[in-house]
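# Descriptive analysis of the structure
The chain contents come next:
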Amino acid sequence: QVQLVESGGGLVQPGGSLRLSCAASGSIFSINAMGWYRQAPGKQRELVVGITSGGSTNYVAPVQGRFTISRDNAKNTVYLQMNSLKPEDTAVYYCYADLRPRDRISFSRYWGQGTQVTVSS
């Protein structure tokens, strides 16, 4: 069984920082893209940033320059460093991984369970 486990959410004041982690585990053959989405109350889930296996990234405009994504391919882990946090960053953050399990021949998108990030004074 493949699973993605997130950690690192919490409550932070405006201007503060948080670092999210997401580790993929199980019988994994290969991972392509990984990344993060977020869903604020009453809103649809939206892409925050993705990173390819080669390290190419795509950030959405609201987080450009404040958030940094990275990944450790040896650990099947993706990170999201969030700086200069704003109240509008408050959301549940979900990681994803486009991966191929060892018992399958195709890639599918797997999701983490979500971690709450609250930015408030």
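Attention here is on the structure that accompanies the text. Numbering of residues begins from 1 in every chain and follows the order in which that chain's sequence is written. Totals for whole chains, interfaces and linings use all residues, but because this is a predicted model, local features are given only for residues with pLDDT of at least 70 and pairs of side-chain atoms are given and counted only at 80 or more. Excluded from the side-chain calculations are hydrogens and water; all other atoms, namely the structure's heavy atoms, are used.

### Some remarks on the packing of aromatic side chains
Here is the rule we go by: Note on aromatic pairs: the rings of Phe, Tyr and Trp (six-membered ring only in Trp) are paired at centre separations within 6.5 Å, and the planes decide the class, stacked below 30 degrees, edge-to-face beyond 60, tilted for the rest. Here a helix means four or more residues in a row that DSSP labels H or I, a strand means two or more in a row labelled E, and each is numbered from the N terminus. Accessible area is worked out with a 1.4 Å probe on protein chains only. A residue is then buried under 20% of its type maximum, exposed over 50%, and partly exposed in between. We call a charge positioned above a ring when the Lys NZ or Arg CZ atom is no farther than 6 Å from the ring centre and deviates by at most 35 degrees from the ring normal.
With the rule as written, the count across this model stands at three aromatic pairs. Consider the rings of Tyr37 and Tyr96, whose centres lie 5.6 Å apart with planes at 70°: the pair is edge-to-face. With Tyr37 in strand S4 (residues 28-39) and Tyr96 in strand S9 (residues 91-101), this pair connects stretches of sequence that are 59 residues apart. Residue Tyr37 is classed as buried on the basis of its relative accessible area of 19%. Ring centres 5.2 Å apart and planes at 70° place the aromatic pair Tyr37 and Trp111 in the edge-to-face group. Of the two residues, Tyr37 is situated in strand S4 and Trp111 in strand S10 (residues 108-111); the sequence distance between them amounts to 74 residues. Residue classification places Trp111 among the partly exposed residues on the basis of a relative accessible area of 35%. A cation sits over an aromatic face here: Arg109 above Tyr96, 4.0 Å from the ring centre.

### As for unusual backbone geometry
Here the phi dihedral of Asn76 falls at roughly 50°; this positive angle occurs in a residue that is not glycine. A relative accessible area of 24% means that Asn76 is categorised as partly exposed. Positive phi, close to 50°, is recorded for Ser84, a residue that is not glycine. For Ser84, the position within the fold is in the loop between strand S8 (77-82) and S9. You can call Ser84 partly exposed: its relative accessible area is 40%.

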